[in-house]
Amino acid sequence: MKIFCSRANPTTGSVEWLEEDEHYDFHQEIARSSYADMLHDKDRNVKYYQGIRAAVSRVKDRGQKALVLDIGTGTGLLSMMAVTAGADFCYAIEVFKPMADAAVKIVEKNGFSDKIKVINKHSTEVTVGPEGDMPCRANILVTELFDTELIGEGALPSYEHAHRHLVEENCEAVPHRATVYAQLVESRRMWSWNKLFPIRVQTSLGEQVIVPPVDLESCPGAPSVCDIQLNQVSPADFTVLSDVLPMFSIDFSKQVSSSAACHSRQFEPWTSGRAQVVLSWWDIEMDPEGKIKCTMAPFWAHSDPEEMQWRDHWMQCVYFLPQEEPVVQGSALFLVAHHDDYCVWYSLQRTSPEKNERVHQMRPVCDCQAHLLWNRPRFGEINDQDRTDRYVQALRTIFKANHLEDKINIIEKRPELLTNEDLQGRKVSLLLGEPFFTTSLLPWHNLYFWYVRTAVDQHLGPGAVVIPQAASLHAVVVEFRVGHPGDVAEKSRGGGFAGNSKMRLLFLLPHFPVSWRAGVDGAAPSSQDLWRIRSPCGDCEGFDVHIMDDMIKHALDFRESREAEPHPLWEYPCRSLSEPWQILTFDFQQPVPLQPLCAEGTVELRRPGRSHAAVLWMEYHLTPECALSTGLLEPADPEGGCCWNPHCKQAVYFFSPAPDPRAPLGGPRTVSYAVEFHPDTGDIAMEFRCLASVLHQLVACQDLRLDTRQLSQSSS
């Protein structure tokens, strides 16, 4: 049986439906899941184990049997902890069938099949009674239903149903309580992820200012949370305006409500400024006394920053106020947290919520469309002044607001449908475009610009200038590392674009500002943190989870092990082990070629470390002297530290098998690669391997060439 899956087509910029193997969705879910990251989260696992032991002990001390309901069991880890702690029986609920099947095998392998029943249902479908899934209600509720926002995975409705139908009144719960914290800040950098700033352009007549449209300026924005690794944001990028405020708590041992609610906290601003952003995180207490706590607090609010646990499945939240508000030091205000069953949002009030009916507002909804079209990094990219210095044309959305209708003709057609009549019989002398498309996931997906340029080739006049002129693919080998919290280096960026050529026609493509030459670079990165999401666990708190490791590896081998995946590396500290190298070049002065572009070879590692991945990115060359990088912004420091473009996601190709973190350094010192660009699909097939010795290099390159071509044939 076959299934249809949607995928962006780099040759058309459109989302298309492709026929895939019936197991494709399953392999995607497992390969891209956070299961490995959760199993590697030592702090989480230890705290859950401690909380479960304490809950089972309290029930036993009352002379009762300990009956556990584990909602969202995953691997069955928490249920096995409960049985080991003395629970009489566990009902482990898992709605995802492949995961439920794996949990059955893991439970059996660890010898707990007689004490744990895995139920492959959604918890709201579980029945209680003599003929039901559970003969009686449980008296211990164990769950891990949380995301970075705490409630975004439906924790509230699940708890609400469980207390009504599946557990006893006043049951023990692990975790027992969750508390959401917030801190108000002013931050031009983070605010630039939500609003468009005026664009300043230097011209022969002086500085010209392009203003955003009024409806975009007044738009409250999208309600979706911006979840990031907040520890990687430099303290210099924001000004703290308030204390850390505990906004609301949820007691999971009692009836939980999923109804909309709001919670306010009065505070006095530390300093005067403009309130723009709310930073938020949560902690969970595993016991009623609050002695066993797992916190997501960033380093400046953490009780022990030196012992912080790195994790990617739970991060921190950035929320944007509907509009920035001036605040005065010492003048009391109310910060209000609103939530429904799945979302949280914030507002700032000047009077007590009891006296202000505006507090009970609906969540903000974007009415300018920009927040629906662009993601947060895209807003930041447009607001990047250094980048703006290279791009001298305004965005399409602000033409009318700046009274340029009579100078710019917007042609709402796909490029291949453009006619001579649309151009009034004239030829294009300057083709401008920004390689950015909302459907792009990987850096080379923006090569759609090349296909657009090819589609309008007949409309280009003799000697027409194409900007960008070219692109290149680059790579570097890296090791992911655990940086000290708050150890964020401030990197400066320079550069600009200047031009004074007289052009008869300015042709602006949809979704593009100015570019000139483009390239794709590759480097081998080093990052112990991000690498954990793909590394095997083996043993977790004394329980054998090799079955889960094998399941992830099998899913990766299905296809994902030979594909790169997008990650914003500014959030994940890594250091380069190799020098960056250029893999392929794409000449935008010429149409897309008919034959594939290929590159293969080896690269020597210059620094000691464990090779976790190869990172790939594109560079776009606006002029021969001026380029824009979507990856590394400057050469690595002497230790290999990398400064990545914060507005773009880089492509990360994890090496397989993953390096053993316990093994001594001194492993492979060479990485071989084979990369092939297919013009008919716009995709890039690739294979990277760490070589054990120089003697293997020639054989490995030959194998890589064959493997990459076989992969490209199977994907097409």
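Residues numbered from 1 in each chain as written. Predicted model: local features only at pLDDT ≥ 70, side-chain atom pairs only at ≥ 80, totals over all residues. Heavy atoms only, no water.

**Student:** Before we go on, may I ask you to explain helix α4 (residues 77-84) in this structure?
**Tutor:** Note: α-helices contain 3.6 residues per turn, so residues at a spacing of three or four share the same orientation. The buried count for α4 comes to seven of eight residues, which makes it a mostly enclosed element. One or two residues past the end of α4 sits G86, with phi positive at roughly 115°. (Buried < 20%, exposed > 50% of the residue type's maximum accessible area, 1.4 Å probe, protein only. Helix = DSSP H or I, 4+ residues; strand = E, 2+ residues; numbered from the N terminus.)

**Student:** Sorry if this is basic, but what is going on with the pattern of salt bridges here?
**Tutor:** Side chains that differ in charge, positive against negative, can pair when their charged atoms come close. One pass over the structure, following the stated rule, counts 27 salt bridges. Residues K293 and D283 are paired through a salt bridge, measuring 3.9 Å at the closest nitrogen-oxygen approach. Of this pair, K293 sits in strand β16 (residues 293-295) while D283 sits in strand β15 (residues 273-285), and the two are 10 residues apart along the sequence. In this structure K293 comes out as partly exposed when scored by relative accessible area, which is 34%. Three or more residues joined by partner-sharing salt bridges are found here, namely D41, D43, K47 and R311. (Salt bridge = Lys/Arg side-chain N within 4 Å of Asp/Glu carboxyl O.)

**Student:** Looking at this structure, how should I read the confidence of the model for the protein chain?
**Tutor:** If pLDDT is low for a region, its predicted coordinates should not be looked at in detail. Looking at the protein chain as a whole, the pLDDT averages 83, with 79% of positions reaching at least 70. Below a pLDDT of 50 lies the segment residues 393-400, which in the model reaches 23 contacts outside its immediate sequence neighbourhood of four places, other chains included. Confidence over residues 693-701 falls short of pLDDT 50; this stretch has 10 contacts with residues more than four positions distant or in other chains. (pLDDT = per-residue confidence, 0-100. Contact = heavy atoms within 4.5 Å.)

**Student:** Please explain the environment of P657 as it appears in this structure.
**Tutor:** Looking at where P657 falls in the secondary structure, it is placed in the loop between β34 (650-654) and β35 (670-678). Take P657: its relative accessible area is 71%, and that puts it in the exposed class. Separated by 33 residues in the primary sequence, P657 and C690 place their C-alpha atoms 9.4 Å from one another.

**Student:** Would you mind going over the packing of aromatic side chains with me for this structure?
**Tutor:** Geometrically, a pair of aromatic rings is defined through the distance of the ring centres and the angle of the planes. For the structure shown, the criterion picks out 25 aromatic pairs. With a centroid separation of 6.3 Å and 50° between ring planes, the pair formed by W193 and W570 is classed as tilted. A residue pair is termed long-range when its members are at least 10 positions apart, and W193 in the loop between α7 (188-191) and β9 (199-203) and W570 in the loop between β28 (565-567) and β29 (574-576) qualify at 377 residues. As far as the burial class goes, W193 and W570 line up, both buried. Aromatic pair W450 and F588: ring centres 5.8 Å apart, planes at 55°, arrangement tilted. One end of the pair, W450, is in helix α12 (residues 448-455); the other, F588, is in the loop between β30 (581-587) and β31 (597-604), and 138 residues separate them in sequence. On the basis of relative accessible area, W450 is assigned to the buried category, the value being 3%. (Phe/Tyr/Trp six-rings, centres within 6.5 Å; stacked < 30°, edge-to-face > 60°.)

**Student:** Which parts of the structure should I look at to understand the nonpolar core?
**Tutor:** Nonpolar side chains tend to gather and get buried jointly when the protein is soluble and globular. In this structure, L69, F146 and Y346 are the most contacted members of the largest nonpolar core, which totals 106 residues. The element best represented in this core is β15, accounting for seven residues. Ranked by size, the runner-up nonpolar core spans 46 residues in total, among them L584, M618, A651 and M686. (Core = buried A, V, L, I, M, F, W, Y, C linked by side-chain atoms within 4.5 Å.)

**Student:** Sorry, what's going on with the side chain of E381 here?
**Tutor:** Tracing the backbone shows E381 in helix α10 (residues 376-382). A residue is classified by how much of its surface remains accessible, and E381, at 11% relative accessible area, is buried. A polar contact is formed between the side chain of E381 and the side chain of R378, at a distance of 2.7 Å. E381 has contacts with R387, E434, F436, H647 and C648, leaving out every residue within four places of it along the chain. (Polar contact = N/O pair within 3.5 Å; in protein donor to acceptor, adjacent residues only side chain to side chain.)

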